[in-house]
Amino acid sequence: MATSLQTATDILESIYDAIKAFPSGLNPPIPFYASYPETGESMGLEHMAGEQIGSIDMLGNTERTLTYELTYKTQANGISVLNQFAAYIADKFDNLVSANGTYEINDKPTVTLPIYQGSDDNWNYFSIDINVNIVTHY
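Below is a summary of the structure that appears in this document. (Residues numbered from 1 in each chain as written. Predicted model: local features only at pLDDT ≥ 70, side-chain atom pairs only at ≥ 80, totals over all residues. Heavy atoms only, no water.)

## Re the overall build of the protein
Put simply, the rule reads: The secondary structure listing takes helices from DSSP runs of H or I that are at least 4 residues long and strands from runs of E that are at least 2 residues long, numbered from the N terminus. Only protein chains enter the accessibility calculation, which uses a 1.4 Å probe; a residue whose area is less than 20% of its type maximum is buried, one above 50% is exposed, and one in between is partly exposed. Here a residue-residue contact requires only that any non-hydrogen atoms of the pair lie within 4.5 Å.
Along the backbone of the protein there are two helices and eight strands. In sequence order, the secondary structure elements of the protein are arranged as α-β-β-β-β-α-β-β-β-β. Out of the 138 residues belonging to the protein, those deemed buried represent 42%. Restricting to contacts in the protein with at least 6 residues of sequence separation, those with at least 24 account for 65%.

If you want it as structure tokens, here you go:
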């Protein structure tokens, strides 16, 4: 269980770093956190429950599917901004590398279309899900 958590955290950090490197073009820049969005306009990336194990070979290599959610908190309509991030993530995912050797990307991730999650105190929440298929060596 601890190794699975270590892998999920390693991927979260890799995705977080890749998204933080998003090319400029969002003006003003949007604060980005490796957690649920903070106060004010911001984005957050979280690991979601529901890891799935696809297969395990004789050497212990395990194919897993992990889900992450990118949430955008804004007072505007965030769908166009999340569409930009979804395209960027899908394009750049091949370049993700494990910081501590716990995983390898098995194939391109699936990224959902942006959806409206709800609102509170004049803030709207939009999100996309990122499903990552990886192979771990334990």
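## Some words on the pattern of salt bridges
The condition is simple: Throughout this description, the term salt bridge denotes a Lys or Arg side-chain nitrogen within 4 Å of a carboxyl oxygen of Asp or Glu.
In this structure the tally under the stated criterion is one salt bridge. Note that Glu51 and Arg64 form a salt bridge whose closest N and O atoms lie 2.5 Å from each other. In this pair, Glu51 is assigned in the loop between strand 2 (42-47) and strand 3 (52-56) and Arg64 in strand 4 (residues 62-74), connecting sequence segments 13 residues apart.

## Some points on the environment of Ile15
Inspection of the secondary structure puts Ile15 in helix 1 (residues 2-20). Note: C-alpha distance between Ile15 and Ala34 (19 residues apart in sequence) is 9.3 Å.

## Comments concerning the packing of aromatic side chains
Note the threshold: Planes of paired rings set the category: under 30 degrees apart is stacked, over 60 is edge-to-face and the rest tilted, where pairs are Phe, Tyr or Trp rings (Trp by its six-membered ring) whose centres lie within 6.5 Å.
This model, assessed by the stated rule, comprises two aromatic pairs. Taking 5.9 Å as the distance between ring centres and 20° as the angle between the ring planes, the aromatic pair formed by Tyr36 and Tyr125 counts as stacked. Of this pair, Tyr36 sits in the loop between strand 1 (32-33) and strand 2 while Tyr125 sits in strand 8 (residues 123-136), placing them 89 residues apart in sequence. Accessibility expressed as a relative area gives 38% for Tyr36, which makes it partly exposed. For Tyr125, a relative accessible area of 10% puts it in the buried group.

## Overview of the pairing of strand 2
For the record, the criterion: At least two DSSP bridges between two strands are needed for those strands to be called paired.
Pairing between strand 1 and strand 2: two bridges, direction parallel. Residue pairing across strands places Tyr33 opposite Gly44, the latter belonging to strand 2.

## Points about helix 2 (residues 79-92)
The criterion, for reference: What a helix should span is 1.5 Å times the count of its residues minus one.
Over its 14 residues, helix 2 extends 20 Å from the first C-alpha to the last, a length consistent with the 20 Å expected when each residue adds 1.5 Å. All of the buried residues in helix 2 are Val81, Leu82, Phe85, Ala86, Tyr88 and Ile89.

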